[in-house]
Amino acid sequence: QVQLVESGGGLVQPGGSLSLSCAASGSISSIRIMGWYRQAPGKQREMVAVMASGGITNYADSVKGRFTISRDNAKNTGYLQMNSLKPEDTAVYYCNALLSYFGSTRLESYWGQGTQVTVSS
């Protein structure tokens, strides 16, 4: 009933920028929290940035000042603007949404399929 699709990943030079999008589709009632997570090979998945419906944000210390999360509630779409990228930012980036959909009264968590971000010269 609900799908999340990430896009915008790719290869970028160190110091470059990349913008990711997360489009949520389906009979969505509301998205409470939309966030971005990443997982590098051999490492645990970590939170990168999250934004609640009220605009409250939280960032991982490693990306503060470089990444910016935003969302368009009318479009049920989230974004992650990544600037000053470093090789250590290389990972698969996943979109997550805590939301409710029409026909349900409880909040549920959904994940996108992930998009590869590679920062290398």
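Data block above holds the structure.
Residues take numbers from 1 onward in each chain, read along the sequence in its written order. For this predicted model, a pLDDT threshold of at least 70 governs which residues receive local features, and a threshold of 80 or more governs which side-chain atom pairs are given and counted, while totals over whole chains, interfaces and linings are taken from all residues. The basis for the side-chain values is all heavy atoms of the structure; hydrogens and waters are excluded.

Some thoughts on the nonpolar core
1) Next: Of all hydrophobic cores here, the largest spans 32 residues; its most connected members are Trp36, Val48, Phe67, Leu80, Met82, Tyr93 and Leu99.
2) Next: Of all elements in the fold, only strand S1 (2-7), strand S3 (18-26), strand S4 (28-39), strand S5 (46-52), strand S7 (67-72), strand S8 (77-82), strand S9 (91-101) and strand S11 (115-119) reach the threshold of two or more residues within this core.
3) Next: Each helix is a run of H or I in the DSSP string that is no shorter than four residues. Each strand is a run of E no shorter than two, and both are numbered from the N terminus. Looking at which element gives the most residues to this core, the answer is S9, with 6 residues.
4) Next: Those residues in contact with Leu99, other than ones at most four positions away along the chain, are Val2, Ile28, Ser30, Ile31, Arg32, Arg106, Leu107, Glu108 and Tyr110. Side-chain atoms within 4.5 Å link the members of a nonpolar core, which is a set of buried Ala, Val, Leu, Ile, Met, Phe, Trp, Tyr and Cys residues. Note on classification: 1.4 Å probe, protein chains only; a residue is buried when its accessible area is under 20% of the maximum for its type, exposed when over 50%, partly exposed between these limits. In what follows, residue pairs with any heavy atoms lying within 4.5 Å of each other are defined as contacts.

Here's the deal with the state of the cysteines
1) Next: Counting rule for disulfides: a pair of cysteine sulfur atoms within 2.5 Å. Counted under the stated rule, the structure contains 1 disulfide.
2) Next: In this model, Cys22 is linked to Cys95 through a disulfide, with the two sulfur atoms separated by 1.9 Å. Looking down the S-S bond of the Cys22 and Cys95 bridge, the torsion is -80 degrees, so its handedness is left-handed. Within this pair, whereas Cys22 is found in strand S3, its partner Cys95 is found in strand S9, the two being separated by 73 residues in sequence.
3) Next: According to the relative accessible area criterion, Cys95 is buried, its value standing at 0%.

Regarding the packing of aromatic side chains
1) Next: Aromatic contacts are taken between Phe, Tyr and Trp rings whose centres are within 6.5 Å, Trp giving its six-membered ring; a plane angle under 30 degrees counts as stacked, one over 60 as edge-to-face, and the others as tilted. Counted according to the given criterion, the structure contains 1 aromatic pair.
2) Next: The lysine or arginine in question, Arg45, covers the ring of Tyr94, its NZ or CZ lying 3.9 Å from the ring centre.
3) Next: A ring is scored as having a charge over it whenever the NZ atom of a lysine or the CZ atom of an arginine sits within 6 Å of its centre and within 35 degrees of its normal. The aromatic ring of Trp111 is capped on one face by Arg45, whose charged end is 4.7 Å from the ring centroid.

Details of the side chain of Arg38
1) Next: Along the polypeptide, Arg38 turns up in strand S4.
2) Next: For Arg38, a relative accessible area of 5% puts it in the buried group.
3) Next: Within the structure, the side chain of Arg38 is placed 3.4 Å from the side chain of Ser62, a separation counted as a polar contact.
4) Next: Under this definition, polar contacts are N or O atom pairs within 3.5 Å; protein pairs additionally need one hydrogen-donor-capable and one acceptor-capable atom, and for neighbouring residues in sequence, both atoms have to be side-chain atoms. Within polar-contact distance, the side chain of Arg38 engages the side chain of Tyr93 at 2.9 Å.
5) Next: Once residues within four sequence positions are removed from consideration, Arg38 is found in contact with Gln44, Arg45, Glu46, Val48, Ser62, Val63, Phe67, Glu88, Asp89, Ala91, Val92 and Tyr93.

A few points about the pattern of salt bridges
1) Next: The salt bridge definition used is simple: a Lys or Arg side-chain nitrogen within 4 Å of an Asp or Glu carboxyl oxygen. Enumeration over the complete set of coordinates arrives at 4 salt bridges.
2) Next: Here the salt bridges share partners, and the residues they tie into one network are Arg38, Glu46, Arg66 and Asp89.

Considerations on the pairing of S1
1) Next: Here S1 shows one buried face, formed by Val2, Leu4 and Glu6, and one open face, formed by Gln3, Val5 and Ser7.
2) Next: As judged from the 6 bridges shared by S1 and S3, these two strands associate in the antiparallel manner. Residue pairing across strands places Gln3 opposite Ser25, the latter belonging to S3. DSSP bridges decide pairing: two strands pair if at least two such bridges lie between them.

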